[in-house]
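# Structural overview
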Amino acid sequence: LRGDANVEAKMTAGTLKTTSNSPTIYVSGSKAEAVRMEITGGELIAQGGMTTAAIVGYNYGDVVFGGSAAITATEAQGATMRGNTSLRVAGGSITVSNSHSGRSAAVVVDANAKGEITGGSITGVNGAAVQAEENGNVNISGGTLTSGGNKAAVVALDAAQVSIAGGTLTGTAAAGAI
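What comes next concerns the included structure. (Residues numbered from 1 in each chain as written. Predicted model: local features only at pLDDT ≥ 70, side-chain atom pairs only at ≥ 80, totals over all residues. Heavy atoms only, no water.)

Mapped onto the elements, threonine 85 comes out in the loop between strand E10 (77-82) and strand E11 (86-97). Owing to a relative accessible area of 2%, threonine 85 belongs among the buried residues under this scheme. If we ignore the near neighbours within four places in the chain, the residues touching threonine 85 are Gly57, Tyr58, Asn59, Tyr60, Gly61, Asp62, Ala113 and Lys114. (Helix = DSSP H or I, 4+ residues; strand = E, 2+ residues; numbered from the N terminus. Buried < 20%, exposed > 50% of the residue type's maximum accessible area, 1.4 Å probe, protein only. Contact = heavy atoms within 4.5 Å.)

Printed below as a string of structure tokens:
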């Protein structure tokens, strides 16, 4: 999904699946607020392709995820947002089982991207639920975030900013949930 202005798409049902090194949904715009994807139902499946995700946002794409929507990713990430994109998770579920040590987080927000989590469940079976890096900004006020693989539920790296005002965070790292 790409564009310069007023591009909107909605997914309310159905299944989209990728088994390659390409994202299930790619969102990218040429300027702020140019492209918006709303996912409130259906399932995104990403299998294989450790360097991709079910949702990839790059350069000015906005994604709203909630309702009964589900992401299931194996050896891929649930969502990777970068370059002035935003991801708002208000419901639904994101479950990622990725054994690749550098890409095991369920949701990654980096390179000046923004993430807002107000509901839903995000599970990193072998890694963090949410990882913010490289000036990424994440606000968590709700939802259930769970990690595995001896990782914290929320990880912040490389000048990332994370604000937590609510939600349930469960980490498996010795250091705790954050």
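This part covers the environment of alanine 152. For alanine 152, the position within the fold is in the loop between strand E16 (144-147) and strand E17 (154-156). Sequence separation of alanine 152 and glycine 91 is 61 residues, and the distance between their C-alpha atoms is 21 Å.

Pairing within the open sheet is parallel, and its seven strands lie in the order E1-E4-E7-E10-E12-E14-E17. The open sheet has two edge strands with one neighbour each: strand E1 (2-3) and E17. Sheet topology places strand E7 (residues 53-58) next to E10; five bridges connect them, and they run parallel. In the sheet register, tyrosine 58 faces E10, and the bridge partner there is arginine 82. (Pairing = 2+ DSSP bridges.)

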